[in-house]
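This is what each chain is made of:
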Amino acid sequence: MNTLPARRHRGFAAHSYWPRVGGLALGFLTLASVFYQLGSPWWVWLGAALHGFVWPHLAWLIARRSHDALAAERRNLLVDHFAGGLWMVAMAFNVLPSVLMATLMAMDSVIAGGRRALGRGLVAHTAGLGVGLLVYGAHWQPASTMLQVWACLPLLISHPIVVGQIAHRALQKLNEQRAHLAHLSLHDPLSDLYNRRHLDACIRSEFQRFQRAGAPATLVMMDFDHFKLLNDTLGHQAGDEAIRRFAERLRKGLRGADTPGRYGGEEFAALLPHTRAHEAGALMQRLQAGLRADPLLAGRPVTISVGVAELTPELASPEAWVRLADQMLYRAKDMGRNRVVMAGHEPAPPQDQPAPAAGSTSAGMQLPVEARILSGLVQGDIAAALFDPSDRLAWANEGFHRLYEVPATVRTFADIVRHCHEHQVGAKVQTDDLAAWLAAADAKRRSKAHRSFVIDFCDGRLFRIEEISMGDGWLLDLWLPHWEQGADGANAVHRLVRDVA
């Protein structure tokens, strides 16, 4: 059984205890002023005394022992209303005490349960009037003396003050809960960094600001290296602790204007306004150095791979900006992890490895920008196309136009795929949900800096596809049928790309 609501309702009943004790005690004072004037018998005084001094404690015990304390407290209020009807008849309808008691009880009912509780209270009050008429008989002495006025003043003054205090305390708790919920809606509960929804909103806002003013901004994507292995060997508690400690390091290492967040799983992001890519890269290298000098977990080094993308006019949308930063992150993973890769820059070596000598090359070196590889692609026997970070078609050779029958209206990779799907030309696209197909293709492309696979064309031929991510976009090339297939052909493409680099 869920005990949390019961505890909360019991708290409401507890908060009602002392106001009821004080209110009914002062209410007895108003009754006594009228009973004294009327010369009421002892048993009338006894009933009022029991209601004023015994009933508050009994009501609290009933609510405390109930499974639903709030419902029990509402029933207790009905008892108060019923007794109020009795005392109105016993006071011969003395105006000031009768109206005061009825009004304050109605106020309590509205606070406890709104109009529905007020309606039930009025019914109980009417029932008390009926019983009172049977018990005490019908007497009419509505005039109030100064004795009754003075007797009513303590209750008249104290009850609104107590109700105001209760309302103030309730509003404080409401504001605290609202602030807590607002915090939860914007923050990740484990790391206490901003969550993905808030990050995406900030990225969109920064993109719009860049379009208006052209102020620089850089997006950084970070991911733990071999995090699954860490969870498998040390347990998920150690993984959670690594996330919390890294979040604290990241928060302390950034400026107040920066927006750090947990993007999902072990992936983090940071939006750095008024920051160039090389500045963000230097910041991330210092963060990596700190992780090496002071490990997150004792006896177990934890490293991160980082992708950095500065916002440029070529990026057509916030999604393209995120995609480019993600591509740089996956490129850092593909190059061996524990390094920073910046879009449009040569990748920095891992912090614990020296930089390569001048003029040296490696298989993991970032591919150059488009202009440095076009010469090899134009003259080679490759059908190829270059796309910018927004997936817009930047260049395609004659072989690519011929194979895909690309019309002049095509502007993006998605346009090419739609054209192939609608007209059954080029690459065979077999799907009923083209948007899902494009999303899956984008995710696969971003998963590795270089992918190679075989695809069917609508004319029945098979082609080997090479997708190569670069700092300023990505390259798509196809083997023409007369090229040699298999490992020798793949090596030829790699030699061509390496030669023009």
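In this text the structure is predicted, and so the values were computed from the model without any measurement. Residues take numbers from 1 onward in each chain, read along the sequence in its written order. Where totals are concerned, whole chains, interfaces and linings use all residues; where local detail is concerned, this predicted model gives features only for residues with pLDDT of at least 70, and gives and counts side-chain atom pairs only at 80 or more. Neither water nor hydrogens contribute to the side-chain values; these are computed over all heavy atoms in the structure.

**Quick look at the overall build of the protein**
For the record, the criterion: Elements are defined by DSSP. Helices are runs of H or I of four residues or more, strands are runs of E of two residues or more, and each kind is numbered from the N terminus. Buried residues are those whose accessible area, probed at 1.4 Å on protein chains only, stays under 20% of the maximum for their type, while exposed residues exceed 50% and partly exposed ones sit between those limits. Contacts: residue pairs with any heavy atoms within 4.5 Å of one another. A 1.4 Å probe and the Shrake-Rupley method give the accessible areas. Residues count as covered only by the protein chains that appear here.
Along the protein, the regular secondary structure elements total 15 helices and 10 strands. By the burial criterion, 46% of the 501 residues in the protein qualify as buried. In the protein, the proportion of contacts linking residues at least 24 apart, taken out of those at least 6 apart, comes to 66%. Summed over all atoms, the accessible surface of the protein reaches about 25600 Å², with 59% contributed by carbon and sulfur.

**Let's talk about the pattern of salt bridges**
Selection criterion: By salt bridge we mean one thing: a side-chain nitrogen of Lys or Arg within 4 Å of a carboxyl oxygen of Asp or Glu.
Evaluated as defined, the whole model comprises 20 salt bridges. Measuring nitrogen to oxygen at the nearest pair gives 3.6 Å for the salt bridge that ties arginine 323 to aspartate 442. Of this pair, arginine 323 sits in helix H10 (residues 318–334) while aspartate 442 sits in helix H14 (residues 434–447), and the two are 119 residues apart along the sequence. There is no split in this pair, since arginine 323 and aspartate 442 are both buried. Between aspartate 415 and arginine 418 there is a salt bridge, with the nearest N and O atoms lying 3.3 Å from each other. Of this pair, aspartate 415 and arginine 418 both sit in helix H13 (residues 413–423), separated by 3 residues, roughly a single helical turn. With relative accessibility at 25%, the residue aspartate 415 sits in the partly exposed group. In this structure, a network of salt bridges that share partners links the residues Arg20, Glu73 and Asp80.

**A closer look at the packing of aromatic side chains**
Note the cut-off: Two rings from Phe, Tyr or Trp (for Trp, the six-membered ring) form a pair when their centres are within 6.5 Å of each other. A pair whose planes differ by under 30 degrees is stacked, one over 60 is edge-to-face, and the rest are tilted.
For the structure shown, the criterion picks out 18 aromatic pairs. Judged by centre distance (4.6 Å) and plane angle (15°), the rings of phenylalanine 387 and tryptophan 474 are stacked. One end of the pair, phenylalanine 387, is in strand S6 (residues 382–387); the other, tryptophan 474, is in strand S10 (residues 473–479), with 87 residues separating them in the sequence. There is no split in this pair, since phenylalanine 387 and tryptophan 474 are both buried. Both rings, one in phenylalanine 413 and one in tryptophan 474, keep their centres 5.3 Å apart while their planes meet at 75°; by these two values the pair is edge-to-face. Of this pair, phenylalanine 413 sits in helix H13 while tryptophan 474 is found in strand S10, placing the two residues 61 residues apart along the sequence. Take phenylalanine 413 and tryptophan 474: they sit in the same class, and that class is buried.

**What to know about the side chain of threonine 218**
Put simply, the test is: Whenever two N or O atoms come within 3.5 Å, that pair is a polar contact, provided that in protein one can donate a hydrogen and the other can accept it, and provided that, for residues adjacent in sequence, both atoms are side-chain atoms.
In this structure, threonine 218 sits in strand S1 (residues 217–224). Within the structure, threonine 218 has its side chain in polar contact with the backbone oxygen of threonine 275 (distance 2.7 Å). The contact partners of threonine 218, leaving out residues within four places of it in the chain, are Ala270, Leu271, Leu272, Thr275, Arg276, Ala277, Ala280, Val308, Ala309, Glu310 and Trp321.

**Points about the nonpolar core**
Note on soluble globular proteins: their nonpolar side chains tend to be buried together. Worth spelling out the cut-off: In these notes, a set of buried Ala, Val, Leu, Ile, Met, Phe, Trp, Tyr and Cys residues joined through side-chain atoms within 4.5 Å is what counts as a nonpolar core.
With 30 residues, the main nonpolar core has Val220, Met222, Phe224 and Phe246 as its most contacted residues. Counting only elements with at least two residues in this core, the list comes to S1, helix H7 (227–234), helix H8 (236–253), strand S3 (267–273), helix H9 (277–293), strand S4 (304–310) and strand S5 (340–342).

**Concerning H10**
Selection criterion: By definition here, a helix of n residues has an expected span of 1.5 Å times n minus one.
Taking 1.5 Å per residue as the helical rise, H10 with its 17 residues ought to reach 24 Å, and the 24 Å between its terminal C-alpha atoms agrees with that figure. Buried residues dominate H10, accounting for 14 of its 17 residues.

**Focus on unusual backbone geometry**
Despite not being glycine, histidine 274 shows a phi value in the positive range, around 55°. Here histidine 274 lies in the loop between S3 and H9. Its identity is not glycine, yet asparagine 338 carries a phi of approximately 55°, on the positive side. Turning to its location among the elements, asparagine 338 is positioned in the loop between H10 and S5.

**A short note on the confidence of the model for the protein**
Applicable threshold: The predictor reports its confidence for every residue as pLDDT, a score running from 0 up to 100.
Across the protein, pLDDT averages 83, with 85% of residues at or above 70. In this model, residues 1–8 is a region of pLDDT below 50 whose contacts with residues beyond four sequence positions or in other chains number 1 contact. Residue range residues 354–376 is modelled with pLDDT below 50. Its contacts to residues more than four positions away, or to other chains, number 40 contacts.

**Some words on the packing of helix H3 (residues 69–90) against helix H4 (residues 95–136)**
Defined as follows: Note on geometry: axes are lines fitted to C-alpha atoms, helical ones only across the stretch in contact, with angles between N-to-C directions running from 0 to 180 degrees. Any angle between 65 and 115 degrees counts as roughly perpendicular, while under 35 counts as roughly parallel, over 145 as roughly antiparallel, and the rest as oblique. Should the near helix be turned anticlockwise from the far one by less than a right angle, the crossing is left-handed, and should it be turned clockwise, the crossing is right-handed. Nonpolar residues are Ala, Val, Leu, Ile, Met, Phe, Trp, Tyr, Cys and Pro. Charged residues are Asp, Glu, Lys and Arg, and all others, Gly as well, are polar.
Close contact between H3 and H4 brings their axes to 5 Å; oriented N to C, the two are set at 40°. By the criterion of interaxial angle, the relationship of H3 to H4 is oblique. For the pair H3 and H4, the sense of crossing is right-handed. The residue makeup of the contact of H3 with H4, split by class, is 18 nonpolar, 10 polar and 4 charged.

**Side note on the pairing of S4**
Selection rule: Note on pairing: two strands pair once DSSP finds at least 2 bridges between them. A crossover gets the label right-handed when its path from the first strand over the helix to the second runs clockwise, viewed with the strands pointing away from the viewer.
With 7 of its 7 residues buried, S4 lies for the most part within the structure. Both faces of S4 are covered, namely the face carrying Ile304, Val306, Val308 and Glu310 and the face carrying Ser305, Gly307 and Ala309. With 7 bridges joining them, S1 and S4 adopt antiparallel strand pairing. Its bridge partner lying in S4, aspartate 223 is registered against serine 305. Strand direction decides the pairing type here: S4 and S5, joined by 3 bridges, are parallel. Looking at S5, one finds that valine 308 is bridged to methionine 342. Traced from S4 through H10 to S5, the parallel crossover comes out left-handed.

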